[in-house]
Amino acid sequence: MENNKQFHTWLDDFKLSHPFVIAGPCSAETEDQVLTIAHQLKNSDTSVMRAGIWKPRTRPGNFEGVGSVGLKWLQRAKAETGLLMATEVANARHVELALEHDIDVLWIGARSAVSPFIVQEIADALRGTDKIVLVKNPVNPDLALWLGAVERIYKVGIRKLGVVHRGFSTYQKTRYRNIPEWHIPIDLQNEFPDLPLILDPSHIAGNRDAIFELCQTALDLNYDGLMVETHHDPDNAWSDADQQITPDALMAMTERLIVRKTEGEAPDYKNKLETMRSRIDTIDDQLVNLMGKRMKIVDEIGVLKKENNVAILQVKRWNEILKRMTAEGGQLQLSEDFVLKVYRAIHQESIDHQKKIINK
Ligand code: PEP
Ligand code: MN
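The notes below deal with the structure included here. Just so it is clear, the model here is predicted, and its values are computed rather than measured. (Residues numbered from 1 in each chain as written. Chains lettered and ligands numbered in written order. Predicted model: local features only at pLDDT ≥ 70, side-chain atom pairs only at ≥ 80, totals over all residues. Heavy atoms only, no water.)

## Looking at the overall build of the protein chain
Here is step 1 of the chain: A tally of helices and strands in the protein chain yields 14 helices and eight strands.
Here is step 2 of the chain: Summarising its shape, the C-alpha atoms of the protein chain cover approximately 75 × 55 × 40 Å along the three principal directions.
Here is step 3 of the chain: Taking all 360 residues of the protein chain together, 46% fall into the buried category.
Here is step 4 of the chain: Summarising the internal contacts of the protein chain: among those between residues at least 6 apart in sequence, 73% fall at separations of at least 24.
Here is step 5 of the chain: Surface accessibility of the protein chain: about 19,400 Å² in total, with carbon and sulfur atoms responsible for 52%.
Here is step 6 of the chain: In the protein chain, 45 positive and 51 negative side-chain charges are present, and the distance between their average locations comes to 5 Å. (Helix = DSSP H or I, 4+ residues; strand = E, 2+ residues; numbered from the N terminus. Buried < 20%, exposed > 50% of the residue type's maximum accessible area, 1.4 Å probe, protein only. Contact = heavy atoms within 4.5 Å. Areas by Shrake-Rupley, 256 points an atom, 1.4 Å probe, with all protein chains shown as cover. Lys, Arg positive; Asp, Glu negative; His and termini not counted. Charge placed at Lys NZ, Arg CZ, Asp CG, Glu CD.)

In structure tokens:
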């Protein structure tokens, strides 16, 4: 995938003075529901209305979407409001039907993005279209899998491309339904700065409370847009009721969101920023050097363990380190979660080093 100014054009064509907004219900339920929401969104920042027609459900028996009849409702909503329409496609037949009904934006959902077979089937069906295609991140935190899905779409000639960050599933209980793992979309953004990046705060949050702060974080990280599940009667939505907000709440939120400038102008700002960035650079040098020094000692311990035929992993010692470092981190306003992640990574690298030494 070449990384020149080729992906951003479709977004620039909207000529927006605010972030790009896709809003609309998790699922299209009835023609009335679709039209009501469309009219309520008409005077908001929304450029594209979303509505799921085919719903991928983790467990069978939940509402699985109204099917192709809903595409006609979207066409009518578009004719009445001028909003562009978006829906999820999960196989070749969905793509065919969505294109037949002139749907403007087709997105690949998180459960489809995990499967190269499904993504390829969708890509083949999309060949030749000039519709906008968005690829949600796969449910598991795997950047290569996400990029692979984008590449499959790119390879069939689609250039109106973008990605949607909807968080990653985890077995752990967290305050989010899907944890954000911001570093993954940031890595993707570093590799393809021109690829429009859109946040779906609804599926990350799983509730209404965290939506605003997630959107603000995304704007602080230079995301291009937001996809927010919006329903005229969220409590009675047929799917994802807990996380949907009303069109009014959406408008109140977009008004409160602060869009930061990509580059500040004032020389004073630039000087200060330069200074602070160089400070960070020196500290980063120290960090890597210290880790190198630490690893040298780990290697020496590896030799000692080999000579004495002792196992690599010493659980008691490891737990002591974690306890001490999380306590110390806490004093420095570092969250326990962060310290644990860093130390798990360091420990893994130490084990890898010692394994090599012991098995030499
Ligand atoms: C959705 O957008 O309604 C949806 C099912 O999202 P995801 O694929 O991100 O779970
Ligand atoms: Mn949903």
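## Focus: the coordination of the manganese ion (ligand 2)
Angles between donor atoms at a metal ideally measure 109.5 degrees for a four-coordinate tetrahedral arrangement and either 90 or 180 degrees for a six-coordinate octahedral one.
Here is step 1 of the chain: Here the manganese ion (ligand 2) is held by Cys26 (SG), His203 (NE2), Glu229 (OE) and Asp240 (OD), and the distances to it run 2.1 to 2.4 Å.
Here is step 2 of the chain: The sequence motif formed by the donor residues of the manganese ion (ligand 2) is C-x176-H-x25-E-x10-D. Here His203 is found in helix 9 (residues 201-205), whereas its partner Asp240 is found in the loop between strand 8 (225-229) and helix 11 (247-256), with 37 residues between them in sequence.
Here is step 3 of the chain: His203 sits in the buried class, given a relative accessible area of 8%. (Donors = N, O, S within 2.8 Å, 3.2 Å for Na, K, Ca; no water.)

## Brief notes about the sheet that holds strand 2 (residues 46-50)
Here is step 1 of the chain: Strand order around the closed barrel formed by eight strands is 1-2-3-4-5-6-7-8, with parallel pairing between neighbours. Pairs of neighbouring strands in the sheet enclose a mean axial angle of 25 degrees, with direction left out of account.
Here is step 2 of the chain: Direction of pairing for strand 1 (residues 20-24) relative to strand 8: parallel, over a ladder of five bridges. Paired with Val21 across the two strands is Leu226, which belongs to strand 8.
Here is step 3 of the chain: Relative to the sheet, helix 11 contacts strand 1, strand 2 and strand 8, its axis offset from that of strand 1 by approximately 160 degrees. (Pairing = 2+ DSSP bridges. Axes fitted to C-alpha atoms, helices over the stretch in contact; angles between N-to-C directions.)

## Regarding the site of ligand 1
Here is step 1 of the chain: Around ligand 1, a shell composed of Cys26, Arg50, Lys55, Glu88, Trp107, Gly109, Ala110, Arg111, Lys136, Arg166, His203 and Glu229 is seen.
Here is step 2 of the chain: Within the side chain of Arg166, one N or O atom sits 2.6 Å away from an oxygen atom of ligand 1.
Here is step 3 of the chain: For ligand 1, the accessible surface in isolation is 300 Å², of which the surrounding protein chains cover 98%. (Near = heavy atom within 4 Å. Polar contact = N/O pair within 3.5 Å; in protein donor to acceptor, adjacent residues only side chain to side chain.)

## Some words on the environment of Asp142
Here is step 1 of the chain: Mapped onto the elements of the fold, Asp142 is located in the loop between strand 5 (132-136) and helix 7 (143-155).
Here is step 2 of the chain: Along the sequence, Asp142 and Gln33 sit 109 residues apart, while their C-alpha atoms lie 36 Å from each other.

## Points about the nonpolar core
Nonpolar side chains in soluble globular proteins tend to be buried together.
Here is step 1 of the chain: In this structure, Trp146, Ile153 and Leu161 are the most contacted members of the largest nonpolar core, which totals 67 residues.
Here is step 2 of the chain: The element that contributes the greatest number of residues to this core is helix 7, accounting for seven residues.
Here is step 3 of the chain: Not counting residues within four places of it along the chain, the set of residues in contact with Ile153 comprises Ile108, Val119, Ala123, Leu126, Val133, Val135, Ile158 and Leu161.
Here is step 4 of the chain: With 13 residues, the next largest nonpolar core counts Trp10, Leu11, Phe20 and Leu134 among its residues. (Core = buried A, V, L, I, M, F, W, Y, C linked by side-chain atoms within 4.5 Å.)

## Regarding helix 4 (residues 92-100)
Each full turn of the α-helix corresponds to 3.6 residues, which orients residues three or four apart in the same direction.
Here is step 1 of the chain: Listed in full, the buried residues belonging to helix 4 are His94, Val95, Leu97 and Ala98.
Here is step 2 of the chain: The inward-facing, buried residues of helix 4 contact helix 3 (69-81), strand 3 (84-88), strand 4 (105-108) and helix 6 (116-126).
Here is step 3 of the chain: One side-chain oxygen at the N-terminal end of helix 4 lies 3.0 Å from the backbone nitrogen of Arg93; it belongs to Asn91.
Here is step 4 of the chain: In the segment just after helix 4, Asp102 is the residue with positive phi, at about 60 degrees.

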